[in-house]
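Observations on chain architecture
The chain contents come next:
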Amino acid sequence: METFVKAAAAVLIAVVLVTVLSKNSKDMATVLGICVCTIVLLAAVSFLRPVVQFVQRLQELGGLDNTMVTILLKAVGVGLISEVAVLICSDSGNQGMGKALEYLAGGVILYLSIPLFTELLELMQTILGEI
């Protein structure tokens, strides 16, 4: 919890600095914003490690296929990273690039999901074949 409070305080201080800097140097304000976002993402990773370990434990207990859990975790990672990148694009005044990145992230998640869809299709064929 202490890490979260420190990160939140750093973000609030950075917001004030970015606001002041944006009047004189928009480029420096953007760089500062990107640096703060990177630091916050690194802090977030420390919170995600136990979640990943928990999911892996569930996988072991449930006998789930490692590939499926890996796909799920990758899709979540793509979603989180793209959300932060889109916000940075928007803050920099590049909404078009942010929107393009959203579409790219959606495409990547769909691409990652092909093995899941394939497994689902095979399961449906098995069920329908038994009827």
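The text that follows walks through the structure, step by step, so that each part is easy to find. Remember, it's a predicted structure, so these values are computed and weren't measured experimentally.

The helix and strand tally for the chain stands at five helices and zero strands. Going residue by residue from the N terminus, the α and β elements of the chain occur as α-α-α-α-α. The C-alpha radius of gyration of the chain comes to 20 Å, more than 25% above the 14 Å expected for a compact globule of 131 residues. Along the three orthogonal principal directions, the C-alpha set of the chain runs to about 70 × 35 × 15 Å. Among the 131 residues that make up the chain, the fraction classed as buried is 15%. Of the contacts formed within the chain by residues at least 6 apart in sequence, a portion of 50% connects residues at least 24 apart. By element, 72% of the accessible surface of the chain is carried by carbon and sulfur atoms, the whole surface being about 9800 Å².

Time to look at a nonpolar patch on the surface. Side chains of Leu110, Phe117, Leu120, Leu123, Met124, Ile127 and Leu128 sit close together on the surface and give an oily, nonpolar patch of about 700 Å² of accessible area. With six residues, helix H5 (residues 114-130) is the largest single contributor of residues to the nonpolar patch. Residue position: Met124 is located in helix H5. Residue Met124 is classed as partly exposed on the basis of its relative accessible area of 41%.

Interaxial distance between helix H1 (residues 2-24) and helix H2 (residues 26-62) falls to 8 Å at its minimum, and their mutual angle equals 170°. Overall, the two elements H1 and H2 adopt an arrangement that is roughly antiparallel. Where H1 approaches H2, its residues Thr3, Phe4, Val11, Ala14, Leu17, Val18, Leu21, Ser22 and Asn24 are matched on the opposing element by Lys26, Met28, Ala29, Leu32, Gly33, Val36, Val40, Ala43 and Phe47. Within the contact of H1 with H2, the residues separate by chemical class into 13 nonpolar, four polar and one charged.

Definitions and limits used
Residues numbered from 1 in each chain as written. Predicted model: local features only at pLDDT ≥ 70, side-chain atom pairs only at ≥ 80, totals over all residues. Heavy atoms only, no water. Helix = DSSP H or I, 4+ residues; strand = E, 2+ residues; numbered from the N terminus. Rg over C-alpha atoms; globule rule 2.2 N^0.38 Å. Buried < 20%, exposed > 50% of the residue type's maximum accessible area, 1.4 Å probe, protein only. Contact = heavy atoms within 4.5 Å. Areas by Shrake-Rupley, 256 points an atom, 1.4 Å probe, with all protein chains shown as cover. Patch = residues over 30% accessible without salt bridge, like charges linked within 9 Å, V, L, I, M, F, W, Y side chains within 5 Å. Salt bridge = Lys/Arg side-chain N within 4 Å of Asp/Glu carboxyl O. Axes fitted to C-alpha atoms, helices over the stretch in contact; angles between N-to-C directions. Parallel < 35°, antiparallel > 145°, perpendicular 65-115°, else oblique. Nonpolar A, V, L, I, M, F, W, Y, C, P; charged D, E, K, R; others polar.

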